Amino acid sequence: MSRTLHLLPYALAAVLAPGAIVHTGQPAPPPRDRAAADVAWAQGDYVTALHSYIALVKDTPGQDDIDAIALQTGELFVTEELTADGRAPRFSPNGRFAAYETDTSAGPVTRIVDTGGPLRLVAELPGSGASFSPSGNRVAYLRPGTSDDIAKTQAAMGVAPPGPERTFHQRQLDWLQFAASTIVVRDLVSGQDTAWPTRGLLKSAVFHGPGTRLYFLGARDDDPTRSDVYAIDAPGAAPAPVTTAPGFKVAPLFDRMARTLLYTETAVNPFARPEPGAALGGRRPGSGRGGGSGRYGLVSLETGTGTTFEGAEPALSADGTTVTYLVRTGTDTSVMVRPVGGEPSVVRKATGRMAAPALAPDNRRVAFQLMVQNDWEVFVIDADAKNETRITREIQHDVQPVFLTSDRLLAVMGEPRHRRSYLYDLPALRQTRVFHNNTVRTIAPEYAWVPSADGTKLLISAERDGDTVSPERGVYLVRLDTRITRERLLARLEACLASELAMRESARRMFAPIEPEVSRVAGRVSVDRIYAYEKALFDFDSKHVSRPGNRRAGEYLFNLYRSFGYQPEYQWFEPRQALGGKTANVLATLKGTTSPDVVYVVSSHYDSNTASPGADDNTSGTVALVEAARVLADTPLPASVIFASFTGEEAGLLGSREFVRRAVEAKWQLAGALNNDMIGWANDQRLDNTIRYSNAGIRDVQHAAAMRFSKLITYDALYYKATDAAAYYEAYGDIVGGIGSYPVLGSPHYHQPTDILGHVNHRLIAETGKATVASIMLLASSPSRLKDLRVARFKGTTAELTWAASPEKDVVRYVVIYGLPPAQAKARVVVTEPRVSLKNVGTGTEVAVKAVNTRGLEGWDWAKTTIGTSGR
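Worth saying up front: this structure is predicted, and the values here are computed from it rather than measured.

Colleague: Could you clarify how one ought to interpret the sheet that holds strand 19 (residues 332–339) in this entry?
Modeller: Strands in a sheet are paired, the pairing made by backbone hydrogen bonds, and the direction either parallel or antiparallel. One open sheet accounts for seven strands, arranged 14-15-16-17-18-19-20; its pairing is antiparallel. Of all the strands in the sheet, the pair left with one neighbour each is strand 14 (248–254) and strand 20 (345–351). Across this sheet, the average inter-strand angle for adjacent strands is 40°, counted without regard to direction. Of the strand pairs in this sheet, strand 16 (residues 294–300) and strand 17 (residues 306–316) are connected by six bridges, and their pairing is antiparallel. From the neighbouring strand, Tyr296 faces strand 17, where its bridge partner is Phe309.

Printed below as a string of C-alpha cells:
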C-alpha cells in the first residue's frame, strides 16, 4: 500500500518555485481572541484563524480553549493508525487487544494488536473471522485450507471480469473453504496454535465462548435441509448443535460472555454449493447483526432453551439477558424490548419509520432512530417506556446509535458516502465530534465504528487521507479517555498553517499572468440569473430520462446556450429507459483561439431521480454550468471548451458514457474535465463544497480558483465513483476535477421529493460557479499535462529523458525537476526541446516535467517518471 496522507499538499509547489516567498501579505491578528478566530475559521480565513489559535496555545490556555481549538482543527482524542489497509475491526472482551483483517501476498490475514500501552503487534493469523475468548488471551479463527480446486478457483476468480462470473467463482471459493478450512485456537501468551477438527462439517463464523468452548455456524454436507450453530468443548470432541429449530440459520450473534445466541432464519441454504449458470442469491453465512424484517431465534446457552420471533433489526444486550428489535405493522413501527426467556413489551410506537434500536449496558434505556419529517434523529427512552429524550437536532441524518456507557452514546451523522462519529453526553446533552484527519482541506470519510466493552476506546474504519477510490481503508484506534496534549495540538496547528500559506502563495503565482482577466469574467456571475435558470428547470419536475421533464429540460438548455451566442448541438442516443425511446446530451462549444484541437470539458447532468424535482441533484450543477457558458461566451480561450449538459446520469451514467464514447471515436485531444454534481445544499451558514478529483493538479487549480475569485470554501477528496466523472476516468484516466457537496455534506433531501429550491443556497451555487469559471480559464490557458515521458537511456550516472512535444502551439520551454525522494528540494533545469540529459543521478531519482507558454503560465500538472535500471 502506497497511500500518503497529504498534510502539506501545496508546500512542494512553493518550494519548487524559484524565489517563492511564503507570506500572507498582512500582519497576524491579535492573539488570545478565540471568538474572532472562530469567526475567521467559519469564513474560510484559515490563515487568520490559525495564527490566533497558535498564539492562544503558546500562551497559558485553559483546558476549555485547548479542547475547543483541537475540535475546530481536527481530533480531540488521541488517535493512532493501526493500519492503512484493513477491515473488520473488533476488540477483545477485556478491551486490551484489537484485531483487524488485511490482505497479504499469501492471502488474507488477521492481525492482533495490544492496545494496553504503546501499540504492539501480538500475532498475525492466516485467515479471517477471529474471535477472542472472554479473557482476551485466546483467539479462535478459521485457517484457510489448500487444495488444487481452491488454487484453480482462485486463479479463475483473479482473471474473471466483474459481474456474475466473478461472483460465481467467489461463491465457489467460499464453499470450498467451508469444507477445507480448520478451526484453530491461538494462545496469545505462548503463541501456540491448536487445531480443532470438526468431523467433516461445513463451517463459518467461529466464536470463542467461555472457558475452552467454541461455537460456529455449520452444516452437514449430506443434509441440504438445515444449517445450525454448533458447540465444541475440546480438540477432538464431537461438535453438537445448540439450535434445534428446523431450517437454515445465518448471522449468529453472541453477547460478550456467550450467554445468549441470536440468529436469523433464512429460506436459502447458506452452504449450498453454487452451480454454473444458476442464479446467485441468498445470504452468505457469517456473523453480524440481523438485517431487515424477518424471523429470528434466541437461544439461552446456559439453559439450552430457545424461542423464535418476528421482527427487524434485532440487537442483543451486552450481558445477553435482553434483546431489542422493531415490529412493523402497516405504517406503524414499534420498538420492542424482550428479556431472554420472557415476553416482549412495546417501548415506543410511531407512525412512520424507526430504525437501529440499541440497549444501554444496564438495559435500562433504549436508543433508536426516528424519521422526523425527512431527517433521521436519535432518541433515547427508558425501557419502561418513560422519559423519552431527543438527542440530536442536526439537519443531516443522525443514525446508528450505540451506548458506550449508560450515560454516553455514540452515533454517526450524514449520508453513507460520508458519515462522521459523535459522542453524546446524555445528562448534559452535549455533543463532541470524535474523528478527523487533522488537516484543513482534506475530507476523511468514516465507515465502521466498534467500541470497547468499557466504552473508553473506539476502532474506526476510515479513509483518513481522503482517498475514496482505492479499496484500502485505514483502521484507527481512538482513545476516548485521553485527550491530545498541548504540544501535539501546537504541532498540528503549525503544520496546517504552513500548508495553508504555501497553498495561498501557490494560488497567487498560478493565476498571476491572467488574474485581471479571470477576475473580470468570474465577477460577471449573477445570482439572479442562476435563480432564473433554476426556477425554469425546477418547474419541469422530475427530469429522469423516463419522464417528460427530461425532453423539456434538454430543449430549454439548447435554447439557453443559443441565446448566449453558441451554436449548440444535441447528442441523441437511444437508451431503453428513455421516454419516447431517445434522450440527448446538450453541448455548446467555445472554440479555442491558439490550440483549438486541445479540448476541455465542463459538465453536469441535468436529469434527476424519478421521484425528485432535483433542485440540488442536479439543477444546481446544471445552472452553474450554463452561467459559466454565458460569462465566457465573449471570451474565447487558447484551448477549446465544451459545455456539456449530460442526460441519464441517474439511469447509469448514460449521457456521460455516450459523450466519452464519441470523443474517443473522434480522437479528441481531451486534456481535462470539470464535472459538477450537487453543489447547492448548505448544512449551515458556510459557503463550502468539496473538490472531487482524480487529478491532483486540477485539485490545486480549483482550490486556487476558489480562494482568489470567490467566497467559496473548498475541501477535497479523491472521489469520482458513481458519478459522470467516472466515465471520463474509464477512457482517459486521471484528468478529472469538479465540485460537489459529497462527501463533506450529506443532504437529507438527496433523491427525495423534498429536493426543492427552498433547500438550496443560490449564493453557494454562484460562488461555486465563479470557482468553476476561474478553473476552466486557467486550464484552457495553460499547457496540458505532457505525455510519453520516458527514460530513453540511463548509463552510469547520466539519464536521458524524452517526452512528446506539447500539443499547445504557444509553448516555449519545459521545466524539469528531479531528485531522490522524500526530499522536497529538488534540482531544476529548463530546456526548449522535449528532451533532457540529467547528470549525477541514480536509480530511484524522480523526474517531473511541465511545459511553459509565452504568457508564463506553467502546465497545470506534472508528467512524472522514476529512473530505474536496465538502461531505463
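Next comes the rest of the description.
Colleague: I keep staring at helix 11 (residues 615–632) and nothing clicks. Help me out?
Modeller: Since the α-helix packs 3.6 residues into each turn, any two residues three or four apart lie on the same face. Compared with an ideal rise of 1.5 Å per residue, which puts 18 residues at 26 Å, helix 11 spans 24 Å between its outermost C-alpha atoms and is within 8% of the ideal. Counting buried residues along helix 11, 18 of its 18 residues qualify, which places the element largely inside the surrounding structure.

Colleague: Looking at this model, I keep getting lost on the nonpolar core. Mind explaining?
Modeller: Across soluble globular proteins, nonpolar side chains have a tendency to be buried as a group. Judged by nonpolar contacts, the single largest core of 66 residues is most densely connected at Phe511, Tyr561, Tyr600, Leu632, Phe643 and Val773. With eleven residues, helix 15 (residues 762–781) is the single largest residue contributor to this core. The next biggest cluster of nonpolar side chains, apart from the first, holds 49 residues, and it includes Val47, Ile69, Trp449 and Cys496.

Colleague: I'm lost on the pairing of strand 17 in this one. Help?
Modeller: Put simply, side chains in a regular strand alternate between the two faces of the sheet. The turn linking strand 16 back onto strand 17 is made up of five residues, and Gly304 within it adopts a positive phi angle of 80°. When strand 17 meets strand 18 (residues 322–329), the two strands line up antiparallel, connected through three bridges. Within the sheet, the bridge partner assigned to Ala312 lies in strand 18 and is Leu326. Between the end of strand 17 and the start of strand 18, which pair antiparallel, lie five residues, with Gly320 showing a positive phi angle near 75°.

Colleague: Is there a simple way to think about the pattern of salt bridges in this case?
Modeller: A side chain of one charge can pair with a side chain of the opposite charge if their charged atoms are brought near each other. This model, assessed by the stated rule, comprises 49 salt bridges. For Asp407, the salt bridge goes to Arg365, with nearest N and O atoms at 2.7 Å. A residue pair is termed long-range when its members are at least 10 positions apart, and Asp407 in the loop between strand 25 (398–405) and strand 26 (408–415) and Arg365 in strand 22 (residues 365–372) qualify at 42 residues. Taking the shortest distance from any N to any O, the salt bridge between Glu517 and Arg855 comes out at 3.7 Å.

Colleague: Sorry if this is basic, but what is going on with the environment of Phe178 here?
Modeller: Among the structural elements, Phe178 can be located in helix 6 (residues 164–180). Its relative accessible area of 12% is what places Phe178 among the buried residues. Considered as a pair, Phe178 and Arg273 are 95 residues apart in the sequence and their alpha carbons are 10.0 Å apart.

Conventions we followed
Residues numbered from 1 in each chain as written. Predicted model: local features only at pLDDT ≥ 70, side-chain atom pairs only at ≥ 80, totals over all residues. Heavy atoms only, no water. Pairing = 2+ DSSP bridges. Helix = DSSP H or I, 4+ residues; strand = E, 2+ residues; numbered from the N terminus. Axes fitted to C-alpha atoms, helices over the stretch in contact; angles between N-to-C directions. Expected span 1.5 Å × (residues − 1). Buried < 20%, exposed > 50% of the residue type's maximum accessible area, 1.4 Å probe, protein only. Core = buried A, V, L, I, M, F, W, Y, C linked by side-chain atoms within 4.5 Å. Salt bridge = Lys/Arg side-chain N within 4 Å of Asp/Glu carboxyl O.

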